[in-house]
Amino acid sequence: MGDMDETSRTSSTGSTGSTGTSSGRPEPVGERGATIVVGVDGSKASRIALRWACAEARARGGHVVALSVWHLYPLAPPDRVGSSPWWFTTDPEEATRALLDEVVGETAPDFPDVTIESEVVPGHAAEELVRRSETADTLVIGATGTGGFAGMLLGSTGGAVVEHAHCTVVLAR
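Going along each chain's sequence as written, the residues are numbered from 1 onward. With the structure being a predicted model, the display of local features is reserved for residues of pLDDT at least 70 and the display and counting of side-chain atom pairs for 80 or more, all residues being used for whole-chain, interface and lining totals. The side-chain quantities take in all heavy atoms of the structure and omit both hydrogens and water.

Caption draft 1: Region of interest: the packing of helix α4 (residues 125-133) against helix α6 (residues 156-164). Taken N-terminus to C-terminus, the directions of α4 and α6 make an angle of 25°; their axes are 9 Å apart at the nearest point. Looking at the two axes, α4 sits roughly parallel to α6. Of the two possible hands of crossing, α4 and α6 adopt the one that is right-handed. Contacts from Ala125, Ala126, Leu129 and Val130 of α4 reach α6 at Thr157, Ala160, Val161 and His164. Put simply, Ala, Val, Leu, Ile, Met, Phe, Trp, Tyr, Cys and Pro go in the nonpolar bin, Asp, Glu, Lys and Arg in the charged bin, and everything else, Gly too, in the polar bin. When the residues that make up the contact of α4 with α6 are grouped by side-chain class, the tally is six nonpolar, two polar and no charged. Here an axis means a line fitted to C-alpha atoms, over the contact stretch when the element is a helix, while the angle between two N-to-C directions is reported on a 0 to 180 degree scale. Where helices and strands are cited, they refer to DSSP runs of H or I of at least four residues and of E of at least two residues respectively, numbered from the N terminus. In this scheme, roughly parallel covers angles under 35 degrees and roughly antiparallel covers those over 145, while 65 to 115 is roughly perpendicular and the rest are oblique. Rotating anticlockwise by less than a right angle from the far helix to the near helix defines a left-handed crossing, while the corresponding clockwise rotation defines a right-handed one. We call two residues contacting when some pair of their heavy atoms lies within 4.5 Å.

Set out below in structure tokens:
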């Protein structure tokens, strides 16, 4: 399905998100009914991330929250709206919802036993993903870079998420 890099984040209490078992092996917190949040922007990497999240949810008996975030940059004054490129003539939330529905619609048939919740929110992608990581067991994002070392495998969103997330982050590529 693609390469996965997993980064475990340490919480402010020093916990790495696992507890011990009688066998001495760590057992991930939230193993039953895990919430797996995945950032979806329509890219190939985010489509791979959604598929990975669904497979992980199936294995862990959890569910997936497919999250798309839209942000409208103020590039034109209000009197120019409508004469600008498509992003000013299309409702950004509606366009984002249509894209997310398309991506989820491509993936869901392969995982009929996994619940996929679709959410579209306004804001900045990194901030929303980090916020969602506070209640997620795992956060999955696509690694969009092509560089030869870790710093080049992440865009600015991925870098911010890995640095500030409150749960395990999986980079799908």
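That shown, we press on.
Caption draft 2: Examining the nonpolar core more closely. Ranked by size, the top nonpolar core spans 22 residues in total, and within it Val38, Leu50, Val64, Ala66, Ile116 and Val140 carry the most contacts. With seven residues, helix α1 (residues 44-60) is the largest single contributor of residues to this core. Not counting residues within four places of it along the chain, the set of residues in contact with Leu50 comprises Val38, Val64, Ala66, Val103, Val104 and Thr107. Nonpolar core, defined: a set of buried Ala, Val, Leu, Ile, Met, Phe, Trp, Tyr and Cys residues in which side-chain atoms within 4.5 Å join the residues together. In this scheme, a residue with accessible area under 20% of its type's maximum is buried, one over 50% is exposed, and one in between is partly exposed, where area comes from a 1.4 Å probe on protein chains only. Among the nonpolar cores identified, the runner-up in size contains 17 residues, and Leu67, Leu129, Ala136 and Cys167 belong to it.

Caption draft 3: The arrangement of α1 in detail. Here the expected length of a helix is defined as 1.5 Å per residue gap, with one fewer gap than residues. When the terminal C-alpha atoms of α1 are compared, their 24 Å separation across 17 residues agrees well with the 24 Å that a helix rising 1.5 Å per residue should span. Every buried residue belonging to α1 is among Ala45, Ser46, Ile48, Ala49, Leu50, Trp52, Ala53, Cys54, Ala57 and Arg60, and all of these are buried. Downstream of α1 by a residue or two, Gly61 has a phi angle that is positive, lying close to 65°.

Caption draft 4: Molecular detail of the pattern of salt bridges. Salt bridges are defined as contacts in which a side-chain nitrogen from Lys or Arg sits within 4 Å of a carboxyl oxygen from Asp or Glu. In the structure shown here, the tally under the stated rule is seven salt bridges. We note a salt bridge from Glu102 to Arg47, for which the minimum N-O separation is 3.5 Å. With Glu102 in helix α3 (residues 92-107) and Arg47 in helix α1, this residue pair connects regions lying 55 residues apart in the sequence. Given the relative accessible area of 42%, Glu102 is considered partly exposed. Arg132 is paired through a salt bridge with Glu119; the nearest N and O atoms lie 2.6 Å apart. Taken together, the residues span a long stretch of sequence, with Arg132 in helix α4 and Glu119 in strand β6 (residues 116-122) at a distance of 13 residues. Judged by relative accessible area, Arg132 falls into the buried class, the value being 13%. Linked through salt bridges whose partners overlap, the residues forming this network are Arg47, Glu102 and Glu106.

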